[in-house]
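So the chains spell out like this:
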Amino acid sequence: MLKLYDTELMSRLLLGTAQYPSPATLMDAIKASGTKIVTVSLRREMAGGKSGDGFWSLIRSLGTHVLPNTAGCHSVKEAVLTAQMARDVFGTDWIKLEIIGNHDTLQPDVFALVEAARVLSEDGFNVFPYTTDDLIVAERLLDAGCKVLMPWCAPIGSALGPLNLHALRSLRAHFPDVTMIVDAGLGRPSHAVTVMELGFDAILLNTAVAKAGDPVAMARAFATAVDAGYTAFHAGMLEPRDVAVPSTPVIGRAVFT
Amino acid sequence: MKLIVNGEPHDVSARLLDGLLAELEFDGEWLATAVNGELVRPRERPTCHLSEGDRVEILTPRQGG
């Protein structure tokens, strides 16, 4: 079971809700993925509009957990206020904490992230920090009260897949008991298999599914990949060898000469 | 009274936050509000006094990654 603060879940795939071609496709993709957690955001409502109500009604009808984010925030103050407003609307203490430090790379501002994580943890939030694969930042986030970490494997929406396997391995090795979700940068199911084979607990996806030719089929493919990688890690994988080793027994083979 | 609502200037007669929502026809059930960078919960809106130049944010659930 995947443990996120006090909640245990069967699915190890978290899915974003943005960029789908239609609400119907979004709903079908969520169902196909088997996810029990979807991410959502808060944005400005238009005067005279009720645009948020329709989207929120759809999501609520799924019965999944929601993980609100602070996407687009660039400071501790913005992120903390957005988190408070999210708790007010969505009725959850969970917050995916994002504080962007660079417009081009969407790289998290890890200094602000740690500070905001401390403020929000002290205010009773269960913080899911979107962070880099830096070991020391991870340590500081845990010190700040986070019980879940969400390291990136590549820039948001890049579809590059895991760029630094050494750093991800190092994170997993240093914090074997911390729930870690690889968030951002995954493009293909094989990327999901790779990070799950490293022993990560879950992955969070959006663009790779939403912008696929067939988002529903891709959601299903990622769900299968996450299960495969997770099962393989716990099954004990063979280490690579530099020499060939025959799989068929040598003893007892016929000799024809 | 002039206010900045969701980044846009508005000239309104409302003096309280719940009155502002009604005047500008924010009808959604799922709204989060903040005034000058401070959260204002739904139960606080009827007593949240607004002043000239206040910055009001009115947010609602949206798709997110």
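Residues numbered from 1 in each chain as written. Chains lettered and ligands numbered in written order. Predicted model: local features only at pLDDT ≥ 70, side-chain atom pairs only at ≥ 80, totals over all residues. Heavy atoms only, no water.

1. Some remarks on the layout of surface pockets
Okay, so step 1: Of the volumes computed, that of the largest pocket is approximately 440 Å³.
Okay, so step 2: Counting only elements with at least two residues in the lining of the largest pocket, the list comes to β4 (37-44) and α3 (76-90) of chain A together with β5 (55-63) of chain B.
Okay, so step 3: Among the elements that make up the lining of the largest pocket, the one with the highest residue count is α3 of chain A (five residues).
Okay, so step 4: Residues of the lining of the largest pocket, tallied by class, amount to six nonpolar, four polar and six charged.
Okay, so step 5: Looking at the second largest pocket, its volume works out to about 360 Å³.
Okay, so step 6: Around the second largest pocket sit 26 residues that line it, and Lys-96, Ile-156, Asn-206 and Thr-207 of chain A together with Gly-65 of chain B are the ones nearest its centre.
Okay, so step 7: Broken down by secondary-structure element, the contributors of at least two residues to the lining of the second largest pocket are β10 (202-205) and α8 (207-210) of chain A.
Okay, so step 8: Split into classes, the residues belonging to the lining of the second largest pocket amount to 11 nonpolar, 12 polar and three charged. (1 Å grid on protein atoms, 1.4 Å probe; cavity = no way out; pocket = protein on both sides within 12 Å on 5 of 7 lines; lining within 4 Å. Points joined across faces, edges and corners; volume = space filled by probe spheres on them. Helix = DSSP H or I, 4+ residues; strand = E, 2+ residues; numbered from the N terminus. Nonpolar A, V, L, I, M, F, W, Y, C, P; charged D, E, K, R; others polar.)

2. Some details on helix α7 (residues 189-197) of chain A
Residue and element names in this part refer to chain A.
Okay, so step 1: Listing the buried residues of α7 in full gives His-191, Ala-192, Val-195 and Met-196. Down the axis of α7, the smallest arc covering the buried residues is 130°, so these residues share one side.
Okay, so step 2: Contacts from the buried residues of α7 go to α6 (165-174), β9 (179-183), β10 and α9 (215-235).
Okay, so step 3: Gly-199 lies just past α7 and shows a positive phi near 100°. (Buried < 20%, exposed > 50% of the residue type's maximum accessible area, 1.4 Å probe, protein only. Arc of directions from axis to C-beta. Contact = heavy atoms within 4.5 Å.)

3. Observations concerning the interface of chain A and chain B
The extent of an interface is frequently quoted as the accessible surface area lost upon association of the parts.
Okay, so step 1: Residue-level contacts link 32 residues of chain A with 28 residues of chain B.
Okay, so step 2: Of all residues in chain A, Arg-44, Met-85 and Asp-88 of chain A give up the largest surface area on contact with chain B, accounting jointly for 23% of the area buried on that side.
Okay, so step 3: The interface formed by chain A and chain B contains two salt bridges.
Okay, so step 4: One salt bridge connects Arg-44 of chain A with Glu-57 of chain B, and the closest N-O pair in it is separated by 2.7 Å. (Buried area = accessible area lost by both parts, 1.4 Å probe. Salt bridge = Lys/Arg side-chain N within 4 Å of Asp/Glu carboxyl O.)

4. Quick word on the confidence of the model for chain B
Where the model shows low pLDDT, its predicted coordinates should not be examined in detail.
Okay, so step 1: In this model, chain B carries a mean pLDDT of 95, and residues with pLDDT of at least 70 account for 100%.
Okay, so step 2: The complex prediction reports pTM at 0.94, with the ipTM value standing at 0.95. (pLDDT = per-residue confidence, 0-100.)

5. Some details on the pattern of salt bridges
Okay, so step 1: What the rule picks out here adds up to nine salt bridges over all chains.
Okay, so step 2: For Asp-93 of chain A, the salt bridge goes to Arg-87 of chain A, with nearest N and O atoms at 3.7 Å.

6. Observations concerning the state of the cysteines
Okay, so step 1: Scanning the model with the defined rule gives zero disulfides over all chains in all.
Okay, so step 2: The closest cysteine sulfur to the non-disulfide-bonded Cys-153 of chain A is located on Cys-146 of chain A, 20 Å from its own sulfur. (Disulfide = S-S within 2.5 Å.)

7. Brief notes about the pairing of strand β3 (residues 32-35) of chain B
Each regular strand displays side chains that alternate between the two surfaces of the sheet.
All names here are of chain B.
Okay, so step 1: Here β3 shows a buried face lined by Ala-32 and Ala-34 and a second buried face lined by Thr-33 and Val-35.
Okay, so step 2: Here four bridges tie β3 to β5, and the two strands are oriented antiparallel to one another. The residue of β5 that forms the bridge with Ala-32 is Leu-59.
Okay, so step 3: Here β3 runs beside strand β4 (residues 38-40); their pairing, made up of three bridges, is antiparallel. Looking at β4, one finds that Ala-34 is bridged to Leu-39.
Okay, so step 4: Here β3 hands over to β4 after two residues, with Asn-36 in that stretch at a positive phi of 50°. (Pairing = 2+ DSSP bridges.)

8. Points about the UniProt feature "active site" (unreviewed entry) in chain A
Okay, so step 1: As recorded in UniProt, the sites labelled "active site" (unreviewed entry) are Lys-96 of chain A.
Okay, so step 2: Note that Lys-96 of chain A resides in strand β6 (residues 94-97).
Okay, so step 3: When its relative accessible area of 4% is taken as the criterion, Lys-96 of chain A is described as buried.
Okay, so step 4: Those residues within four positions of Lys-96 of chain A in sequence are excluded, and the remaining contacts are Thr-39, Leu-67, Pro-68, Asn-69, Thr-70, Phe-128, Tyr-130, Met-150, Asp-183 and Leu-204 of chain A together with Gly-65 of chain B. (UniProt positions renumbered as here; feature names shortened; annotations may be inferred.)

9. Some remarks on the packing of α7 of chain A against α9 of chain A
Residues and elements named next belong to chain A.
Okay, so step 1: Packing of α7 against α9 leaves a shortest axis separation of 7 Å and a crossing angle of 25°. If you check the angle between α7 and α9, you find them roughly parallel. Crossing of α7 over α9 shows right-handed handedness. Taken together, the residues of α9 that come into contact with α7 (itself represented by Pro-189, Ala-192, Val-193, Met-196 and Glu-197) are Met-218, Ala-221, Phe-222, Ala-225, Val-226, Gly-229, Tyr-230, Ala-232 and Phe-233.
Okay, so step 2: Taken together, the residues of the contact of α7 with α9 sort by class into 12 nonpolar, one polar and one charged. (Axes fitted to C-alpha atoms, helices over the stretch in contact; angles between N-to-C directions. Parallel < 35°, antiparallel > 145°, perpendicular 65-115°, else oblique. Left-handed = near helix turned anticlockwise from the far one by under 90°.)

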